[in-house]
Amino acid sequence: MYKALTIISTFFLLSIYLPAIGQTSNGTLFGFITDENGNPIEMANVSLVDYQFGTTTDKKGEYLLRIPSGRSIEVAYSLLGYETVLKTFELESDETVECNVQLKTKIQSIDEVQVTSSGSRSGNMLQIDAKVIDNVPGTGIGTVEDVIKTMPGVTSNNELSNQYSVRGGSFDENLVYVNDIEIYRPYLVRAGQQEGLSFVNTDMVSSINFSAGGFDARYGDKMSSVLDIRYQRPSSFSASVSASLLGAKAHIQDRSKNQKFTYNMGLRYKTFRYLFGSLQEKGFYNPAFIDYQGYFTYSFSPKVELGLLAATSFNRYQFAPQSRETISGSWNNQKRLYVEYEGQEIDRYRTLNGALSLDIRPTQNSFLKFIASSFVTNEQETYDIKGYYLLNQVQTKENNEIDDTSMVIGLGSYHEFGRNYFDASVLNFAHKGGITLQNNYLQWGINVKSEFVNDKMNEWEHRDSAGYSLPYSPDKVYLYYTSKNDFELNEQRYTAYIQDSYKYLTSIGDLNFTGGVRAHYWTYTEHLTVSPRFSASLFAGVKREIIGRVSIGWYHQPPFYRELKNLYGKVNPDIQTPRSFHTVAGIDYSFMGWERPFRLTFETYYKRLKNLIPYQIENVRLRYLSDQISDGHSYGADLKINGEFVSGTQSWVSLSLMKTVEDIEGDGHGYLPRPSDQRFKFSLYFQDYLPGLPEYQMHMTGHYITGAPYGTPRSERYKHTNRMRPYRRVDIGFMRSIVTNGKNLTKLTFFNRFESFDVSLNVFNLLDFDNISSYIFIPDYSSRYYAVPNYLTGITFDLKLSAKF
């Protein structure tokens, strides 16, 4: 009944909203933006001051923007390094006005200038607008991963987790940097419910860059992707708070009067207790995730700056299950699993991150950076849960009611116990630098890293079926599964890279080259790896509207501790270094449609994989088979169309085809699909607003991803070839702006104190799809196992209030 009322009320909101879309209450603004010398400026921003809508100029400096009619609208023309120009318009419905703008160069102090490559836009890095993140309707409290998951080549089938797979790679093959500091993900987390907050605090972000493959040598030693985040150095005071049924966050930033000191701080709290109410496992949920982050800078002079990044988080997950009921199977062959529980699980995760950096700019065209950083984690996973289950055949009556009085096919219990403690610390000292020499941009870096790990693991499972222990023995009682480990690791890593970017002007366009090499040595394996990488791009066409790209290179991934352990906790001292050879080719085409700008991006890739460590996925935990080795390959194609499907807003659609397989050495079963082999993916992000009333906005995400392979936990790898059902999900959010840029859109004086104030209503899993995170395997009386799905969250509401000062 609750689900039916939720769906009906949601579509009632849509019925109010959608008819207004056909109205025509906009005017059209167009023109050119040039610099002081009359040269066109590309990528200049043209945006509505009071609303989060806008567009950018093309290669000719041309823009076109539809704005609400019948009211006074202020438009900002801006670009980093130029002074912002503000203009006010009041257009009639369907009126068209030309406005050409000249931007003047802004005089900046040297400490505000960052050295960048003249061909930096030529690589395989995708720039993501940080302003989009808070508008994406996701189960987090605004996470960059919610946006990343809509990108082509990126798959995820669990809305409770921040993990994602890129072009067939595992979760562990993705690099994440914040201000040049590598971020590590939790080690002991088994399920998305335990995961907590994403490290990246989106309130503090200034830029987001993402690559799905073929990235430069300056990025580290992972085989799939890189996410490069920069926290901002504020130029003025700003503060914000937001709260919803899923958590709350607060942020403050400012700059001292003498312009030398800046601070940027954020505090976040997240709880899934409300969301967990839609799960099938009923019981007492008490999840609490909290973190604090601060980024501070102090300029001793225009050429020397000291930076400090500090972050701490505490995650606590407590769960005392009571019962679960799951009905699965086809309409005429349904199974019902009913379980009653006793016991509980308590997990704690504490992490500390700190980084001290010194930036030196000897000249305007060069920089030197020195970094000392540390990462410390203390993780505890303790559980002692016993479940008594009944599995029976059920039938559906003519009135669609369930008759559960049919034959009992399984009866028994299982007892899961774990006392796992994991401590790790990573100390890092790094230097990086760069210098621009005419058309060349040379970069280099060295890194020394010390790793300490203390792992104590003790977990076991006992299974009973119809009074007999599994596996059955007439003489002894055996545990169904046991894993015990007590291991310490203290090793060092040494890495270095050098790369050069060169820009060459030709008669057909701008040609950009980037070539580099990266070296890595790990004392545990005593292996030295060398990874050469090369990329090229060509900006062609009359308006430079076509960009062609190609990248090739080696990508080695020396294991971290997780990859050293097998399914039963034993550490392999002779582990090999996985590596892949990437070939990526792509093209970007910018065009005008419906008098609005669009960009089509197409990429195809092939990855040759060697010395892979096979693994199995248990919900979101990767279990490696470190005593095995495999070779494989991944290939596919990605397509993305983004642009102003609605004038002034950016939306996109992505489509991916992919296949990834591996051949395990000596198993005799040939090529098998890797656990991340999800062949087809479709995702979208769509924004809209009521014509003439841009304070009423709608944001929607949608996903369709074919199922991943699965099998019985800890069984032979070749048995993991069954397929989950496709992951399907639609999330939608409705937002009403009460205050924008200090302008109160209501008659209530209470809101005059805010710079902005928004109210949002989000509906998660709008169509109430029964998505699956994993399976529990239950035996019948003949020891035949049935895979019973663990379903993810159903349809739920979330109310969110956001304010800025």
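Calculation criteria
Residues numbered from 1 in each chain as written. Predicted model: local features only at pLDDT ≥ 70, side-chain atom pairs only at ≥ 80, totals over all residues. Heavy atoms only, no water. Helix = DSSP H or I, 4+ residues; strand = E, 2+ residues; numbered from the N terminus. Rg over C-alpha atoms; globule rule 2.2 N^0.38 Å. Buried < 20%, exposed > 50% of the residue type's maximum accessible area, 1.4 Å probe, protein only. Contact = heavy atoms within 4.5 Å. Areas by Shrake-Rupley, 256 points an atom, 1.4 Å probe, with all protein chains shown as cover. Lys, Arg positive; Asp, Glu negative; His and termini not counted. Charge placed at Lys NZ, Arg CZ, Asp CG, Glu CD. Polar contact = N/O pair within 3.5 Å; in protein donor to acceptor, adjacent residues only side chain to side chain. Salt bridge = Lys/Arg side-chain N within 4 Å of Asp/Glu carboxyl O. pLDDT = per-residue confidence, 0-100. Pairing = 2+ DSSP bridges. Phe/Tyr/Trp six-rings, centres within 6.5 Å; stacked < 30°, edge-to-face > 60°. Core = buried A, V, L, I, M, F, W, Y, C linked by side-chain atoms within 4.5 Å. Axes fitted to C-alpha atoms, helices over the stretch in contact; angles between N-to-C directions.

### Describing the overall build of the protein chain
Alright, step 1. For the protein chain, the count of helices and strands is five helices and 47 strands.
Alright, step 2. Its C-alpha atoms give the protein chain a radius of gyration of 28 Å, near enough to 28 Å, the size a compact globule of 805 residues would have.
Alright, step 3. The proportion of buried residues among the 805 residues of the protein chain is 56%.
Alright, step 4. A separation of at least 24 residues holds for 68% of the contacts in the protein chain among residues at least 6 apart in sequence.
Alright, step 5. Surface exposure of the protein chain reaches about 34100 Å², of which carbon and sulfur atoms provide 56%.
Alright, step 6. Charged side chains of the protein chain number 81 positive and 86 negative; the gap between the two group centres comes to 1 Å.

### Structural notes on the environment of Thr 706
Alright, step 1. Along the chain, the position of Thr 706 falls in the loop between strand 39 (693-705) and strand 40 (709-710).
Alright, step 2. Linking Thr 706 and Gln 678, residues 28 residues apart in sequence, is a C-alpha distance of 5.5 Å.
Alright, step 3. Sequence-distant contacts of Thr 706, defined by excluding residues within four places in its chain, comprise Gln 678, Arg 679, Phe 680 and Pro 726.
Alright, step 4. At a separation of 3.0 Å, a polar atom in the side chain of Thr 706 contacts the main-chain amide nitrogen of Phe 680.

### Some points on the pattern of salt bridges
Alright, step 1. For the coordinates displayed, the defined rule picks out 33 salt bridges.
Alright, step 2. With its nearest N and O atoms 2.6 Å apart, the salt bridge here joins Glu 603 to Arg 167. A residue pair is termed long-range when its members are at least 10 positions apart, and Glu 603 in strand 32 (residues 596-612) and Arg 167 in the loop between strand 11 (165-166) and strand 12 (174-178) qualify at 436 residues.
Alright, step 3. The exposure class of Arg 167 is buried, given its relative accessible area of 4%.
Alright, step 4. Among the ionic pairs, Asp 180 bridges to Lys 369, the shortest N-O distance being 2.8 Å. Note that Asp 180 is positioned in the loop between strand 12 and strand 13 (181-182) and Lys 369 in strand 22 (residues 366-396), a separation of 189 residues in sequence.
Alright, step 5. Relative accessible area serves as the criterion here: at 18%, Asp 180 is assigned to the buried category.
Alright, step 6. Taken together, the salt bridges that share partners define one network made up of Arg 167, Arg 549, Asp 588, Arg 599, Glu 603 and Asp 638.

### So, unusual backbone geometry
Alright, step 1. In this structure, the amide linkage connecting Leu 470 to the following residue, Pro 471, adopts the cis form with an omega of -5°.
Alright, step 2. Of note, the phi angle at Asn 179 is positive, near 50°, even though the residue is not glycine.
Alright, step 3. With respect to the element layout, Asn 179 can be found in the loop between strand 12 and strand 13.
Alright, step 4. Here the phi dihedral of Asp 180 falls at roughly 70°; this positive angle occurs in a residue that is not glycine.

### Some details on the side chain of Ser 580
Alright, step 1. With respect to the helices, strands and loops of the structure, Ser 580 is situated in strand 31 (residues 579-593).
Alright, step 2. At 3.1 Å, the side chain of Ser 580 and the side chain of His 582 are in polar contact.
Alright, step 3. Beyond its immediate stretch of four places on either side in the chain, Ser 580 contacts Met 223, Gly 553, Trp 554, Tyr 555, Arg 608 and Leu 609.

### Structural notes on the confidence of the model for the protein chain
Alright, step 1. Per-residue confidence for the protein chain gives a mean pLDDT of 87; residues scoring 70 or more make up 92%.
Alright, step 2. Taken as a whole, residues 10-24 scores under 50 in pLDDT and shows 20 contacts with residues more than four places along the chain or in a different chain.
Alright, step 3. Contacts from residues 107-122, a stretch scored under 50 in pLDDT, to residues over four places away or in other chains number 32 contacts.

### Looking at the sheet that holds strand 9 (residues 126-128)
Alright, step 1. Taken together, five strands build an open sheet; the order of strands is 9-14-15-12-13 and the sheet is mixed. Each edge of the open sheet is held by one strand with a lone partner, namely strand 9 and strand 13.
Alright, step 2. Of the strand pairs in this sheet, strand 9 and strand 14 (residues 205-211) are connected by three bridges, and their pairing is antiparallel. Counted as the bridge partner of Ile 128 is Ile 208 from strand 14.

### Remarks on the packing of aromatic side chains
Alright, step 1. Taken as a whole and assessed by the stated rule, the structure comprises 40 aromatic pairs.
Alright, step 2. Ring geometry for Tyr 298 versus Phe 300: centroids 5.1 Å apart, planes at 75°, classification edge-to-face.
Alright, step 3. Looking at Tyr 298, the relative accessible area reads 33%, which means it is partly exposed.
Alright, step 4. Judged by relative accessible area, which is 47%, Phe 300 ranks as partly exposed.
Alright, step 5. Where Phe 487 meets Tyr 561, the ring centres are 5.9 Å apart and the plane angle is 15°; that geometry is what we call stacked.

### Brief notes about the nonpolar core
Alright, step 1. In terms of nonpolar packing, the biggest core is built from 34 residues, with Ile 208, Phe 210, Leu 227, Ile 229 and Tyr 231 touching the most fellow members.
Alright, step 2. For this core, the elements supplying multiple residues, two or more each, are helix 2 (144-148), strand 12, strand 14, strand 15 (225-231) and strand 20 (304-330).
Alright, step 3. Setting aside anything within four residues of it in sequence, one finds Ile 229 in contact with Val 144, Tyr 177, Val 178, Asn 179, Val 200, Val 205, Ser 207 and Ile 208.
Alright, step 4. Membership of the second largest hydrophobic core comes to 20 residues, among which are Phe 171, Leu 188, Val 453 and Leu 622.

### Some thoughts on the sheet that holds strand 6 (residues 85-89)
Alright, step 1. Here we have four strands laid out as an open sheet, ordered 3-2-5-6, and antiparallel in their pairing. Since the sheet does not close on itself, it has two edges, and those belong to strand 3 (54-56) and strand 6, each with one partner. The average angle at which neighbouring strand axes cross in this sheet is 20°, direction not considered.
Alright, step 2. Pairing geometry for strand 5 (residues 73-78) and strand 6, over five bridges, is antiparallel. In the sheet register, Tyr 77 faces strand 6, and the bridge partner there is Val 85.

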